[in-house]
Each structure stands twice: as structure tokens, then as C-alpha cells.
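Architecture and fold: a report
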Amino acid sequence: MKTYAIATIPGDGIGKEVVPAGRRVLEAVAAASGGFAFEFEDFGWGGDWFRAHGEMMPADGLAALRGKDAILFGSAGDPHIPDHVTLWGLRLKICQGFDQYANVRPTRILPGIDAPLKRCRPEDLDWVIVRENSEGEYAGVGGRAHQGHPIEVATDVSMMTRVGVERILRFAFELARSRPRRLLTVVTKSNAQRHAMVMWDEVAAQVAQDFPEVRWDKELVDAMTARMVNRPASIDTVVATNLHADILSDLAAALAGSLGIAPTANLDPERRYPSMFEPIHGSAFDIMGQGLANPVGTFWSCVMLLEHLGEAAAARRLMQAIETVTATPALHTRDLGGRATTAEVTQAVCRQLAAAAR
Ligand code: ATP
């Protein structure tokens, strides 16, 4: 029987609740599917680790993850540690260390979810946003000088390489080709950002020649926000820069009903390193430790993890179980207007998996 080695990194806040829930669901889907199993190793990195050791994860932490088949991540964020320290010290360290350059964020209105766009039917909103995840605005290039003086200067240089742009566009065209509508929207801001974004447009036109089956169009990022709200059915697959897609995918999650539902995958498409799967929400300290966290974003991330491992049937089985549970209002957590707890939703998904296997 195949055994997959999975690293779990709960991180901070509600990550410590949703990642153990995700692990239970993965165990349940393996039991229901047969043919494969999981071997988990848990890493207690994050804010507490920082307080004890002065760093978010050990210097040799990547080596401990290197041999895993996948990583299930919770969130990094701590009210007592600056956000740029928690982000760069853990999540980005893994994404960049393992060159997980494609961040993939599916969005759908799941059954039973009351989404805010009243004229949008569930079938009108079925998107995948592909975010460039290795460079651009979040390349980490820049610095500060003359700190504290009136002449202080600070820069964050957005760095786009042709290799980086081409590989993410190629990935997005391939993904668009694999989806029924074969439709891709390339988002830029090439009117105002007249160097790197113009290069994006040029590379997009070149890569498009290799994908004659894919219909594609271009949209400026500001216009894209309005199109997402006003014409959701005109969108299928979307590709955008690190910053632009970061913002668009939070909007997408809100339009689908809750931040608590949305999943994401940080992929190394070449499979040189393990890829990482996580809910898109953060540590949500306001609700931590109360059993209020919606674990659905983590469960959907587990679906993506299974797809990445090539366990397509198990992935479908888990997605069906999730959708059966979201279709039941009594199993909605507070963010969806319900009163169910994290544990109750987790148990319901596990039960559903077991029932469907019988
Ligand atoms: P961070 O600084 O780590 O990004 P944050 O608390 O600023 O975290 P999020 O965690 O992304 O931001 O979420 C904002 C709010 O949305 C939270 O305060 C919480 O109330 C709600 N929320 C987010 N995720 C969930 C979830 N899984 N279940 C229920 N509510 C959630």
C-alpha cells in the first residue's frame, strides 16, 4: 500500500484548530478509499517557536520538509510579532525555499452557502485564480536607509524576470486548457506600470501561440475587481502577479461566501520539492480556541493536496463529502451564519466519507 509522508504545520491562531481537523479528514478519506495511507509529522513552528527560539522556524527546517510528499499548513500571524516577521520567517521561507511559484486558488459558491452577490447563480461563479508566487511585488528586494531621519528612504522593488513570467503564464494556460471552458484572463496594470507589466503582456501573447485551444483576454486589475462583481460568469481561469492576485483572491473568497471556505495550493509544478496546501485565511486571533473556526477552507485544501498526489478519486470523494456538509445549514459555523463548531463540521465530513464508502 502506498504511504504518503505529510508534514503538518499548524502555525498560529486557528491554524492550530483547522490543521488537526484537516489531518482527521485526510485519515478518514484514506480509510474510505483504501489503497493508500498517510504518515504525518507535525512541526510546531510559528509565533510560540519564535518566543522560545527567536525565529519562526529552525534554520535547517527546510531540510526536515524536503523529503515529504506534501505540506499541510495552517496560518502564520501573531498579535505580538510584526506581520512581516511572521510572514517572511515561515510561510514565505517555505514557498520561496521550495520554489512554489504557482499559487492556485479555486473559487466556487458551494451548495448551501449564501453568497453576497444576489444576481449571481452558483454556476456563474467557478473560477481559478493563479497567483505568481515567487517574485514580483513580493520579491523581497528593497531596503531602508537613513532610518528615523527626515531623509529616510524605503523601497520595495517589484522584480519580474522573463523566466518567472513565462513559467507562470505557461502554467495558467495549461490549467485553463484542462478546464471545460478553456478561458483565461491575464490581469496586469500595463497602462500605469509600463515596464514589467508590458513585458507580461508580450510574454502572454507569445505563450498564447502554443495554446490555440484557449480563448484568452486581458484585463487591468482595477477593471477586474468590477468585472468579478458585475460579470462573474465571464471569468474562468485568471492569472495575475503576486500582489494583484493576492487582493483579487481575497475578493473572490468574500464573493463565494466566506474567507473560511477558500483553499489554496502553493505548487512547485516541476515537483522538485514538496508543495504546500493551506486555507487562505489567516490566524484569526479573535476567534481562536473557541471552536468557531470554519475548517472547510482546510478541507478543500486537502482536496487539492489529494489531486496533487494523483489520488483523483479520493479528492472527488472528499469534495462531495464537503459539499454535502455545506448543503446542511445545521452544519454551518458562525462565519456562515450558523452555530456548528469546528469539531462538529469535522465529524460530519468524516461520517459522510465513511457512509459513502459503505
Ligand atoms: P492574519 O493577520 O494572520 O492574516 P487576520 O486575523 O488579520 O489574520 P484572517 O484570519 O484572514 O485575518 O481573517 C479575518 C477575519 O475573518 C477573522 O478575524 C475572522 O473573524 C474571520 N475568519 C477568517 N478565517 C475564518 C475561519 N476559518 N472561520 C471563521 N472565521 C474566519
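None of these values were measured; they are calculated from a predicted model. (Residues numbered from 1 in each chain as written. Predicted model: local features only at pLDDT ≥ 70, side-chain atom pairs only at ≥ 80, totals over all residues. Heavy atoms only, no water.)

Brief notes about the packing of aromatic side chains
Throughout the structure, instances matching the rule amount to eight aromatic pairs. Centroid distance Phe38 to Phe40: 5.7 Å. Interplanar angle 40 degrees. Geometry classified as tilted. Taken as a pair, Phe38 and Phe40 share a single burial class, namely buried. Site record: aromatic cluster; members linked through ring pairs are Tyr4, Phe36, Phe38 and Phe40. The residue whose ring lies beneath Arg167 is Tyr101, and the NZ or CZ to ring-centre distance is 3.9 Å. (Phe/Tyr/Trp six-rings, centres within 6.5 Å; stacked < 30°, edge-to-face > 60°. Buried < 20%, exposed > 50% of the residue type's maximum accessible area, 1.4 Å probe, protein only. Lys NZ or Arg CZ within 6 Å of the ring centre and 35° of its normal.)

A short note on the site of the ligand
The full set close to the ligand counts 13 residues, and Gly282, Ser283, Ala284, Asp286 and Asn294 are the nearest of them. With respect to the ligand, the side chain of Ser283 contributes an N or O atom lying 2.8 Å from an oxygen atom. Take Asn294: an N or O atom from its main chain is 2.8 Å from a nitrogen atom of the ligand. Of the residues belonging to the shell around the ligand, the class tally is six nonpolar, five polar and two charged. (Near = heavy atom within 4 Å. Polar contact = N/O pair within 3.5 Å; in protein donor to acceptor, adjacent residues only side chain to side chain. Nonpolar A, V, L, I, M, F, W, Y, C, P; charged D, E, K, R; others polar.)

Structural notes on the nonpolar core
By size, the foremost hydrophobic cluster in this structure holds 86 residues, and its most contacted members are Phe38, Leu169, Trp200, Val239, Leu306, Leu318 and Leu353. Counting residues per element, this core draws most heavily on helix H9 (residues 296–309), which supplies nine residues. Counting residues domain by domain, this core receives three or more from each of domain 1 (1–103 + 261–358) and domain 2 (116–142 + 153–255). When sequence neighbours within four positions are dropped, the list of residues in contact with Val239 reads Val130, Ile168, Leu169, Ala172, Leu184, Thr185, Val186, Val187 and Trp200. (Core = buried A, V, L, I, M, F, W, Y, C linked by side-chain atoms within 4.5 Å. Helix = DSSP H or I, 4+ residues; strand = E, 2+ residues; numbered from the N terminus. Domains from an automatic or database assignment. Contact = heavy atoms within 4.5 Å.)

A look at unusual backbone geometry
Of note in the backbone geometry, Arg271 takes a positive phi value of approximately 60 degrees without being a glycine. Residue Arg271 is classed as exposed on the basis of its relative accessible area, which comes to 53%. With phi around 45 degrees, Ala284 is a residue other than glycine that occupies positive phi space. Accessibility expressed as a relative area gives 26% for Ala284, which makes it partly exposed.

Quick look at the pairing of strand S1 (residues 2–11)
Regular strands show a simple pattern: their side chains alternate between the two faces of the sheet. Across the 10 residues that make up S1, a large majority, eight, are buried. Pairing analysis gives seven bridges linking S1 to strand S2 (residues 36–42), with the strands arranged parallel. Each residue of the ladder has a partner; that of Lys2, found in S2, is Phe36. (Pairing = 2+ DSSP bridges.)

A closer look at the pairing of strand S8 (residues 183–188)
Among the six residues of S8, six are classified as buried, and the element is accordingly described as predominantly covered. Burial along S8 is two-sided: the face carrying Leu183, Thr185 and Val187 and the face carrying Leu184, Val186 and Thr188 are both buried. Across six bridges, the pairing between S8 and strand S9 (residues 215–220) is parallel. From the neighbouring strand, Val186 faces S9, where its bridge partner is Lys218.

Regarding the pattern of salt bridges
Counting across every chain of the model gives 25 salt bridges. The partner of Glu27 in a salt bridge is Arg23, with the nearest N and O atoms 3.7 Å apart. Of the two residues, Glu27 and Arg23 both sit in helix H1 (residues 15–33), four residues apart, roughly one turn of that helix. The salt bridge partner of Glu123 is Arg121, with a shortest N-O separation of 3.8 Å. Given a relative accessible area of 57%, Glu123 falls into the exposed group. Given a relative accessible area of 48%, Arg121 falls into the partly exposed group. Counted as one network, the salt bridges with shared partners bring together Asp99, Arg167, Asp268, Glu270 and Arg272. (Salt bridge = Lys/Arg side-chain N within 4 Å of Asp/Glu carboxyl O.)

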